[in-house]
Amino acid sequence: MENLINGLHHITALASDAQRNVDFYVGILGLKMVKKTVNFDAPDVYHLYYGDETGSPGSIVTFFPYAGLVRGRKGGGQLTYSAFSIPTASLSFWMDRLVHFGIPYAGPYRRFNETYLRFEDYDGMGVELVANDIDNRPGWNNGKIPTEYSIRGAYTVSLNEYKIDKTVSLLTDVMQHRLVAEENGVYRFEAGAGGPGSYVDVLESPKDIRALLGAGSVHHVAFATDSDETQLEIREKLLSGSYNPTEVLDRNYFHSIYYREPGGILFEIATNPPGFAVDESVAELGTSLKLPEWYEPRREKIEAELPTIVAESK
């Protein structure tokens, strides 16, 4: 059977300050600014993309930084932790680095025979670094973090659900995920060829407080598909299952459909092509503001209203 979904594509969250967001994900975590654009529905707000050198699907985390946005609250019906993959040999390096930058962390913890650290970004978004030796994706040398210690991309996401049965049915019956492990009430699923970047962890937590959307909250998680054709196949499956996906939307760097899983978390299916190098070279990714063509006539006004940001590794 053809793999219609082959893992995670990106994670999109909300932030309260653009420069502090850049300082955390570029400066501290060492990700590359892959694309600097705007919210296509609200061009007075940046849409910032971070990832590996080329912006590979599965390496991307993105943010809408709304200035002064009130902090959200973790809880049920939410993606609570976004995990990134690091080499096992880099664990002590990352512990020292987080201490150096004054980022409190918890752990190391153990889960599914893997070791991970847990902490929050400046807005309270839940972040994990999972140490493993099975991720063969290349690291990116940002000039400050040794390549052999650098983040490889997304590892898994954690979904906190009041009830998991219907979410599990969506993942396995429609989205082609397989249950591969269960431990302490956490169910791990994988898609495609499996491995880091293909996982989804589902936790049934019926007593959790209800999540509130705000700064530090994940807005949606996107799953990767190979083409427009495979995306349409998935969309038909979702329609048949009464999940009410949107029409296909053009996001310039990928095409998207959106729908809510039964627990209320917003899912997206995003195509791998055309990718982030359609409007600037790989070497120039993230160095200038890119706008969709319908906003180009307003470029001067948009640039004047957006805050100045500087992306520097620390």
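Position labels on residues start from 1 in each chain and follow its written sequence. Side-chain atom pairs in this predicted model are given and counted only at pLDDT of 80 or more, local residue features only at pLDDT of at least 70, and totals for whole chains, interfaces and linings cover all residues. To obtain the side-chain values, all non-hydrogen atoms of the structure were included, while hydrogens and water were left out.

Asker: Explain the pattern of salt bridges here, please?
Answerer: Where side chains of opposite charge bring their charged atoms close, a pairing between them can arise. Counted as salt bridges are all cases of a side-chain nitrogen of Lys or Arg within 4 Å of a carboxyl oxygen of Asp or Glu. What the rule picks out here adds up to 14 salt bridges. When salt bridges with common partners are traced through the structure, they connect Arg111, Glu114, Arg118, Glu128, Arg188 and Asp201 into a single cluster.

Asker: Which parts of the structure should I look at to understand helix 2 (residues 91-100)?
Answerer: Note on helix geometry: an α-helix contains 3.6 residues per turn, so any two residues three or four positions apart are oriented the same way. Here helix 2 has its buried residues at Leu91, Trp94, Met95, Arg97 and Leu98. Each buried residue of helix 2 sits inside an arc of 165° when the element is viewed along its axis, so together they form one side. For helix 2, exposure combined with an orientation more than 90 degrees from the buried face picks out Asp96, Val99 and His100. Should any heavy atoms of two residues lie within 4.5 Å, those residues are considered in contact. Under the DSSP-based scheme used, a helix requires at least four consecutive residues in state H or I and a strand at least two consecutive residues in state E, with every element numbered from the N terminus. Turning to helix 2, the residues buried within the fold contact helix 1 (18-28), strand 5 (78-87), strand 6 (105-111), strand 7 (114-120) and strand 8 (126-132). Directly beyond the C-terminal end of helix 2, a positive phi value near 70° is found at Gly102. Think of it in three bands: with a 1.4 Å probe and only protein chains considered, a residue is buried below 20% of the maximum accessible area for its type, exposed above 50%, and partly exposed in between. As used here, the arc is the angular range of directions from the helix axis to the C-beta atoms.

Asker: How should I be thinking about unusual backbone geometry in this particular structure?
Answerer: In terms of backbone geometry, most residues other than glycine have negative phi values and most peptide bonds are trans. Residue Pro108 follows Gly107 across a cis peptide bond; omega there is 10°. Of note, Pro108 is situated in strand 6. Cis geometry marks the peptide bond from Pro273 to Pro274; its omega dihedral reads 5°. In this structure, Pro274 sits in the loop between strand 16 (266-271) and helix 5 (299-305). Residues other than glycine seldom take positive phi values, yet Asn113 does so here, at roughly 60°. Structurally, Asn113 can be placed in the loop between strand 6 and strand 7. In the Ramachandran plot, Asn252 falls in the positive-phi region, its phi being about 70° despite a non-glycine side chain. Under the relative-accessibility criterion, Asn252 is labelled partly exposed at 24%.

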